Amino acid sequence: TYLGKMPPNFGMIAALQGDLHTSDGVGKVFFREDSSPDILRRAAEHINRAFPEDDEINPTHAVVVTWVDVTTHGLESRGDSGIKKRNTFQLVIASLETTSYAIVLYPRDGIKFSSMLVGDTNVIMHAGFSKGLVQGFFGSSKGPHYHTTNDNEQSVRALAEETNSGLRGVWVYEIGTSPYFSNVAPGEVPELPTEAPPQEDADAYEESSAARRPVYTDGQVVAFSPYLQEQTEIHPVQFQPQNREVVEFGECRDYANGYCCHCISGFYGNGIQCVAEGKPQRVNGKVHGRVFVGRSPSPVEFANIDLHSYIVVNEGRAYVAISDLPETVGPSLEPLVSISGAIGWAFALEHPGFKNGFSIIGGEFTRQAEVTFMPGNEKLIIRQEFKGIDEHDHLIVSTNLDGQVAEVPLGSTIKLDPYSEIYQYNNNLITSSSTRDYVVTLPDGSRETRRYQWRETISFNGCYHSETLRDMKPTQMLSMDHIFAIYDPGQRLIRFALTSKIGDINGGQPEENPCLTGRHGCDTNAVCKVGEGATFTCQCAAGFSGDGRTCYDNDECREDPQRCGPNAICNNQPGTFRCECEEGYQFGSDQRTCINIDECQQSRCHSDAVCYNTEGSFTCQCRPGYSGDGFQCLPGRPKTRCEAHRESVLGVSGPRGPRPPIGAYIPSCDDNGQYEPMQCHGSTGHCWCVDQNGQEISGTRTGPGSRPMFTNNCALLSLNFLQLGDFSHLLLASKACTLLWTHGDIHANCEHQSDNFTVAVCFSCCTDFQNSWHEVCLSSSLCDSVCLDLKSRRYHPKSTSAPRSGPLLCDESCTSKVRCLLTPSFAPQEKVIIGVAYDCVEKMVYWTEITSPSISKANIEGGEPTSVISSGLESPEGIAIDHLGRTMFWTDSAKDHIEVASLDGSNRRVLINTDLVNPRAIIADPSNGNLYWADWNRKAPKIETSYMDGSNRRVLVRDNLGLPNGLTYDPRSSQLCWADAGTHKLECMDPGRGSRSTVLERIQYPFGMTAFGNNIYYTDWQRDAVIAVDRYASRESDEFQPQKRTRLYGIATAYAQCPAGRKL
């Protein structure tokens, strides 16, 4: 078996692996999926405490598994006294979109045994993680695994005494990053606090063993659980809002062990959730039930039926309706007006010096009540979870009824007299109990006086430093009167109404004050302020204006239309407003900023289409070989723009083929249906260059009857950018030739040599000789050493005496000077553009050039280039734009430093000038204020980072690097990725965590790199192409080749809209 074997041959998360069972009726195992705010907050506290150096984590889902008093099938291997030893522990899997964590909790004295007898063998229990068997090329083998314990029993017992999260008995592990889920990283805080921490979580078990015994409620909760509060044992827990900045109508104060919040003037609550004084409140929720009525052997079951409540706060009057209740159970629930009692308690009228429930604990609490009907002893459990105020300003509650009620026949009426309850307050637990009488008038007119006993507990998470809790009176009396309950069988609806007041248990309050009797005449949206004697004042609630007798809603959205920020809509509500994200956006982790939704993660496109995410939207494009709108794709290539253009001109075919209109221009299309780079008019003889859309490139048209000498250069001129979706593009940096038209008689030093002309060129460039294009001299050093034989197309050293088959493109000395030009002729001046970047604010493209070292810019829509920096540069390569700070950064591989300047070239200064050898790629992350760059120093390559002012410089990667040429950062996934021409790998990492993963191997010679949506794009020198890689599928998804095959350098993404962020 797998017992005692770690790792096993199957996937496992072992909180404590052993031959455990619950068949003796004592041990129990509970599990559930839970996304309640309290559970997620506590999980986040453990994770963030265990990884203090990482970014804050806020899980969105959790699974909770609890083993209570489990024992072994046989005997423990040590100390068999006949009394079964039992273990108790808990596992929580907390997840967010990109990663998951395991939190394992072992309470004090929770580990009673650490080994067991399996047959005659003593087997040690284990804890850890295993992926099980994984399939390899030559068969299966054990996959990744991690041991928390070893083969020593002491390591098992230490689980409850030690930690990796800074809290005794609590162990936290990061168990993987989507989509791999293969890495296990333990918490980083093995030290325990030197002083006693607050009495919470695992350390709460310092009490007596009797107090530690689990108490079960609904089969889901145990008393020791640090994730659920309990009726009989509640440990004080510091309530921490996930982000103080998102607390509305409250102010927070920081303390050594956390912070507490309180509501601002005009609002009441626990500081985390605050509502306006005097404003009516609404409560919505669902009711579930499994109720036996009377002696019926079959329960009445109902689920997801609606509960709605409206509370006139300044009168203390609550109205509650529960819909779709079967008539077999509806009348019998009429006596249970206290189903709505918690709502009345939460918003009861307050006598001076006393507080209702919402003022003390806010809107997040759990109420559990046990009802015992007399004399039949029927018992019903009512459990209500109040989940706080939602985005509509409604308090949300979930109600569950389980048990048995005394039967009330259909057609009966119920009368309940006013009653009072004493509430006792103690830390995070509130209790009350009472006995209530009610009169049932049966259908035949007879009456019966009945009674039931009521016991309830309210548990909540309080703030240790809360002034409200500190000043809370230990006892308060809740008085209920004007009670009404009726079931309508026609509508299957039960209605309750009651008026609630909270005050002194000894009474003595001046009931004659209109604020306490409800006869004050204040507007429904006003608060009644008690004065001396019978005097009072009416004051409109926050968000309303008026004299208190009449109040009008303030339209905050009209007063400040921009209050919700970009990509958001302001929706006015009574007394307040609500911000809603526009379509295609959702609230970020701060619950205020609207961020783009990546619809491509939701598989919105056809399976044979590629999805491109854009700001606020997305586009679908059928893959090559398919046609359609992207939502539906069918095999077959659609007609290209050029083919459609050509067919529209050719018109209808006649018996001898197409008959175009006389004198019309007919476009030329290549084999792939794209426009030929050079187009000519068959009638006029004009020729010109076109871009990929068939648009004429200005300045390239020739006169009738002549073809341009720069024919093949049209292919280069037509390559401007590759389109991604409708608006975003990839910008490419590559070679370009500037044609300088001259005439021989202008140059006095021009020497004619037969029918040829002599030029010398540097770098790789396009040159024309007798209408034949060549690329010569790949670097400036070659320009001094070789010449090209134009006929044999062979390179010769400048000092060679080898025979030549034709004239040389260089003169005998191979100088870098133009020596002779024929008429007409030109001198080629090549530009080699290395780095390219995009400013999304002004829609400008910036690039670095190394032939005449400079940095230039041009509008992406077209226009003349503008020089930004033309001096003080030697070999500028990588360039990055900070669109928030309006600055640019670049590397200079000759000067071995990194510089920064404003986008107009001013305020220039050196940022980094030490410990750099070959800096090239550089990336800016303006939203987080970080800078990343790669140094391909062959002896010690590395990838570094710093803040954008150059401070906090540190090395991120130095191992297993070769030539890290390309670098990109995806702010959506917080992944820094690089392409290495030495290791031939494409890798990514989270700079905050250091986790590193390989996306693709066996790539050829990458240079530039960028990210867009799910894809990473890189330029490859050997393939002369742009390669698209799906980084989640770890495979190439597409390849783009320019019409003229040439070496590609830098690449950047031109976003349709700037990424979200703010200047730091």
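Residues numbered from 1 in each chain as written. Predicted model: local features only at pLDDT ≥ 70, side-chain atom pairs only at ≥ 80, totals over all residues. Heavy atoms only, no water.

## Looking at the overall build of the protein chain
Stated precisely, the cut-off is as follows: Comment: elements are numbered from the N terminus, with helices defined as DSSP H or I runs of at least four residues and strands as E runs of at least two. For every residue, the accessible area (1.4 Å probe, protein chains only) is compared with the maximum for its type, and the residue is labelled buried under 20%, exposed over 50%, or partly exposed between those bounds. Two residues qualify as a contact provided that any one of their heavy atoms is within 4.5 Å of a heavy atom in the partner residue. Here the accessible surface of atoms and residues is derived via Shrake-Rupley with a 1.4 Å probe, and residues count as covered only by protein chains that are part of the display.
Within the protein chain, the regular secondary structure consists of 11 helices and 74 strands. Residues classed as buried in the protein chain amount to 51% of the 1064 residues present. Pairs at least 24 residues apart make up 52% of the contacts formed inside the protein chain by residues separated by at least 6 positions. Split by element, the accessible area of the protein chain, about 49,200 Å² in all, is 48% carbon and sulfur.

## A short note on the state of the cysteines
Note the cut-off: Disulfides are defined in this document as cysteine sulfur pairs within 2.5 Å.
The final tally for this structure, using the stated rule, is 15 disulfides. Disulfide partner of C263: C274, at an S-S distance of 2.1 Å. The disulfide joining C263 to C274 has a torsion of about -90° about its S-S bond and is therefore left-handed. Placement of C263 in strand 16 (residues 258-263) and of C274 in strand 18 (residues 274-276) is noted, with a sequence separation of 11 residues between them. A relative accessible area of 14% means that C263 is categorised as buried.

## Side note on the pattern of salt bridges
What counts is decided by this rule: Here, a salt bridge means any Lys or Arg side-chain nitrogen found within 4 Å of an Asp or Glu carboxyl oxygen.
Across all of its chains, the model carries 29 salt bridges by this definition. Between R41 and D38 there is a salt bridge; the shortest N-O distance is 2.9 Å. Taken as a pair, R41 and D38 lie in helix 1 (residues 37-50) at a separation of three residues, close to a single helical turn. Among the residues examined, D38 registers a relative accessible area of 16% and is labelled buried.

## Topic: the nonpolar core
The test is simple: To define a nonpolar core, start from buried Ala, Val, Leu, Ile, Met, Phe, Trp, Tyr and Cys residues and group those joined through side-chain atoms within 4.5 Å.
Residues F302, I322, L325, L336 and W345 are the most contacted members of the largest nonpolar core, which totals 68 residues. The residues contacting F302, other than those within four sequence positions of it, are V287, H288, G289, V291, L325, P326, V329 and L401. L16, V70, I111 and F113 belong to the second largest nonpolar core, which has 24 residues in total.

## So, the sheet that holds strand 67 (residues 975-980)
To summarise the sheet geometry, strands pair through backbone hydrogen bonds and adopt either a parallel or an antiparallel arrangement. Just so we agree on the cut-off: Between any two strands, at least two bridges found by DSSP are needed for them to pair. Axis definition: a line fitted to C-alpha atoms, limited for helices to the stretch in contact. Angles are taken between N-to-C directions and run from 0 to 180 degrees.
The four strands are arranged 66-67-68-69 in an open sheet whose pairing can be described as antiparallel. Both edges of this open sheet fall to strand 66 (964-970) and strand 69 (996-1001), since each of them pairs with a single strand only. The mean inter-strand angle of the sheet, taken between neighbouring strand axes irrespective of direction, is 20°.

## Remarks on the UniProt feature "domain: EGF-like" (unreviewed entry) in the protein chain
Heads up, the condition is: UniProt positions are given in the numbering used here, feature names are shortened, and annotations may be inferred rather than shown by experiment.
With numbering matched to this structure, UniProt assigns "domain: EGF-like" (unreviewed entry) to residues 511-552, 553-595 and 596-632. Annotated as 0% helix and 43% strand, the span residues 596-632 places its first and last C-alpha atoms 24 Å apart.

## Notes on unusual backbone geometry
Cis geometry marks the peptide bond from M374 to P375, where omega comes out at 5°. Here P375 lies in the loop between strand 23 (364-374) and strand 24 (379-389). A positive phi angle, near 60°, is found at K843, a position not held by glycine. By the secondary structure assignment, K843 is in the loop between strand 54 (825-839) and strand 55 (844-849). We classify K843 as partly exposed; its relative accessible area is 28%.

## Let's talk about the sheet that holds strand 61 (residues 909-912)
In space, the four strands of this open sheet follow the order 58-59-60-61, with antiparallel pairing throughout. Edge positions in the open sheet fall to strand 58 (876-882) and strand 61, since each of these has one partner strand only. Across the sheet, the mean angle separating the axes of adjacent strands is 30° when strand polarity is ignored. Sheet topology places strand 60 (residues 897-902) next to strand 61; three bridges connect them, and they run antiparallel. Its bridge partner lying in strand 61, E899 is registered against V910.

## Here we look at helix 9 (residues 641-650)
This is how it is decided: The directions considered for the arc are those from the helix axis to the C-beta atoms.
Looking at helix 9, one finds that the buried residues are C642, V649 and L650. Each buried residue of helix 9 sits inside an arc of 95° when the element is viewed along its axis, so together they form one side. Seen from the open side of helix 9, the exposed residues pointing more than 90 degrees away from its buried face are R641 and S648.

## Quick notes on the packing of aromatic side chains
Our working rule: Under the pairing criterion, centres of Phe, Tyr and Trp rings, with the six-membered ring standing for Trp, must be within 6.5 Å; the plane angle then separates stacked pairs below 30 degrees from edge-to-face pairs above 60, leaving the rest tilted. Comment: the charge-over-ring label is applied if NZ (Lys) or CZ (Arg) is within 6 Å of the ring centre and within 35 degrees of the ring normal.
Under the counting rule described, the total for this entry stands at 21 aromatic pairs. Judged by centre distance (5.9 Å) and plane angle (80°), the rings of Y268 and F358 are edge-to-face. Here Y268 is found in strand 17 (residues 267-269), whereas its partner F358 is found in helix 5 (residues 357-361), with 90 residues between them in sequence. For Y268, a relative accessible area of 10% translates into the label buried. Looking at F358, the relative accessible area reads 0%, which means it is buried. Centroid distance F347 to F358: 5.4 Å. Interplanar angle 20°. Geometry classified as stacked. With F347 in the loop between helix 4 (341-346) and strand 22 (349-350) and F358 in helix 5, this residue pair connects regions lying 11 residues apart in the sequence. Each member of the pair, F347 as well as F358, carries the same accessibility label: buried. Three or more aromatic residues joined by ring pairs form one cluster here, namely W345, F365, F386 and Y423. Residue placement shows R436 over the ring face of W454; its charged tip is 4.6 Å from the ring centre.

## Digging into helix 1
Count 3.6 residues to each turn of an α-helix, and residues three or four apart come out pointing the same way. For the record, the criterion: In this analysis, the expected span of each helix is defined as 1.5 Å times one less than the number of residues it contains.
In a regular helix each residue adds 1.5 Å, so 14 residues correspond to 20 Å; helix 1 covers 20 Å between its end C-alpha atoms and thus fits that length. Along helix 1, the residues classified as buried are D38, I39, L40, R41, R42, A43, A44, H46, I47 and A50.

## Some words on the pairing of strand 62 (residues 919-925)
A regular strand places its side chains on the two faces of the sheet in alternate fashion. Counting buried residues in strand 62 gives seven out of seven residues, a clear majority hidden from the surface. Taken together, the five bridges between strand 62 and strand 63 (residues 930-935) define a ladder with antiparallel strand orientation. Bridging from a neighbouring strand, P919 pairs with D935 of strand 63. Connecting strand 62 to the antiparallel partner strand 63 that follows it, the hairpin turn spans four residues, and G929 within it adopts a positive phi of roughly 75°.

## Digging into the pairing of strand 6 (residues 99-105)
Buried residues dominate strand 6, accounting for seven of its seven residues. As judged from the six bridges shared by strand 5 (residues 87-95) and strand 6, these two strands associate in the antiparallel manner. Bridge pairing links I93 to A102 in strand 6. If you look at the hairpin formed by strand 5 and strand 6, you'll find three residues sitting between the two strands.

## As for the confidence of the model for the protein chain
What counts here: Per-residue confidence from the predictor is reported as pLDDT, which spans 0 to 100.
Scored by pLDDT, the protein chain has a mean of 77; 76% of the residues are at 70 or more. Predicted confidence is poor over residues 734-829, with pLDDT under 50, and the contacts of this stretch with residues over four places away or in other chains come to 193 contacts.

## With respect to the environment of T457
Residue placement: T457 occurs in strand 29 (residues 447-459). For T457, a relative accessible area of 9% gives the class buried. Between the alpha carbons of T457 and Q368 there is a distance of 5.4 Å; along the sequence they are 89 residues apart.

## Thoughts on the environment of S155
For clarity, the cut-off: Whenever two N or O atoms come within 3.5 Å, that pair is a polar contact, provided that in protein one can donate a hydrogen and the other can accept it, and provided that, for residues adjacent in sequence, both atoms are side-chain atoms.
Along the chain, S155 falls in helix 2 (residues 153-157). Each C-alpha atom, one on S155 and one on H126, is 8.9 Å from the other, the two residues being 29 residues apart in sequence. Apart from the residues lying within four places of it in its own chain, the contact partners of S155 are T149 and N150. A polar atom in the side chain of S155 sits 3.0 Å from the side chain of N150.

## Thoughts on the environment of N9
Assignment of secondary structure puts N9 in the segment before strand 1 (12-17). Under the relative-accessibility criterion, N9 is labelled partly exposed at 49%.

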